[in-house]
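Here's the letter readout for the chains.
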Amino acid sequence: MDLATKVLLFRILVGFSAVYLIVGLIKPKWVLFWMKRPDRLTASSIALLLFMAGWTGIAMLTLKPKDAQQHHEEQRGSKDDQNMLQLNR
């Protein structure tokens, strides 16, 4: 599978988690059919986990890590400069 296909699958997972949450809040028995006593908290928890997994997958595939030179330049400076808030970004 190429990168675009993987990103598309993770986006579908994010969309599915939103639908799962909505249906789970309205009719938890539909999405938690294997449980004897389904509840909205369990449906919400599963939807949240699916949502986080989808966005984590998208981020891991699309964001590029910083190179070593840029990371080194950010760490340079005195201790006082490192403790100051950078409000002018």
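Structure: see above.
Everything numeric here is computed off the predicted structure, so don't read it as measured data.

## Here we look at the overall build of the protein
Counting its secondary structure elements, the protein contains five helices and zero strands. Seen in sequence order, the protein has helices and strands lined up from the N terminus as α-α-α-α-α. Burial analysis of the protein (89 residues in total) assigns 16% to the buried set. In the protein, once contacts between residues fewer than 6 apart in sequence are set aside, the share between residues at least 24 apart is 47%. Of the roughly 7,700 Å² of accessible surface on the protein, a fraction of 65% belongs to carbon and sulfur atoms.

## Observations concerning the nonpolar core
Y20, V31, L32, A43 and A47 together form the largest nonpolar core, which totals five residues. For Y20, the residues in contact, after removing those within four places along its chain, are V31, L32, W34, A43, I46 and A47.

## Structural notes on the packing of helix α1 (residues 3–26) against helix α3 (residues 40–62)
Where α1 contacts α3, the two axes come as close as 8 Å, and the packing angle between them is 165°. The angle between α1 and α3 places the two elements in the roughly antiparallel class. Of the two possible hands of crossing, α1 and α3 adopt the one that is left-handed. Across the contact of α1 with α3, the residue classes break down as 19 nonpolar, six polar and three charged.

## A closer look at the packing of aromatic side chains
Given two aromatic rings, their pairing is described by the distance between the two centres and the angle made by the two planes. Applying the stated criterion across every chain, the model contains three aromatic pairs. Ring geometry for F51 and W55: centres 6.4 Å apart, planes at 70°, overall edge-to-face. Of this pair, F51 and W55 both sit in helix α3, separated by four residues, roughly a single helical turn. Residue classification places F51 among the partly exposed residues on the basis of a relative accessible area of 36%.

## Considerations on the environment of L48
Mapping L48 onto the fold places it in helix α3. Between the C-alpha atoms of L48 and Y20, which are 28 residues apart in sequence, the distance is 9.5 Å.

## Notes on the environment of V19
Within the secondary structure layout, V19 lies in helix α1. Along the sequence, V19 and A47 sit 28 residues apart, while their C-alpha atoms lie 8.5 Å from each other.

## Digging into the environment of R40
Here R40 lies in helix α3. The partly exposed category is assigned to R40, whose relative accessible area is 45%. A sequence separation of 13 residues divides R40 from K27, and the C-alpha atoms of the two residues are 8.3 Å apart. Dropping the residues within four chain positions of it, R40 is found in contact with G24, L25, I26 and P28. A polar side-chain atom of R40 sits 2.7 Å from the main-chain carbonyl oxygen of L25.

Conventions we followed
Residues numbered from 1 in each chain as written. Predicted model: local features only at pLDDT ≥ 70, side-chain atom pairs only at ≥ 80, totals over all residues. Heavy atoms only, no water. Helix = DSSP H or I, 4+ residues; strand = E, 2+ residues; numbered from the N terminus. Buried < 20%, exposed > 50% of the residue type's maximum accessible area, 1.4 Å probe, protein only. Contact = heavy atoms within 4.5 Å. Areas by Shrake-Rupley, 256 points an atom, 1.4 Å probe, with all protein chains shown as cover. Core = buried A, V, L, I, M, F, W, Y, C linked by side-chain atoms within 4.5 Å. Axes fitted to C-alpha atoms, helices over the stretch in contact; angles between N-to-C directions. Parallel < 35°, antiparallel > 145°, perpendicular 65-115°, else oblique. Left-handed = near helix turned anticlockwise from the far one by under 90°. Nonpolar A, V, L, I, M, F, W, Y, C, P; charged D, E, K, R; others polar. Phe/Tyr/Trp six-rings, centres within 6.5 Å; stacked < 30°, edge-to-face > 60°. Polar contact = N/O pair within 3.5 Å; in protein donor to acceptor, adjacent residues only side chain to side chain.

Just geometry here; none of it tells us what the structure is for.
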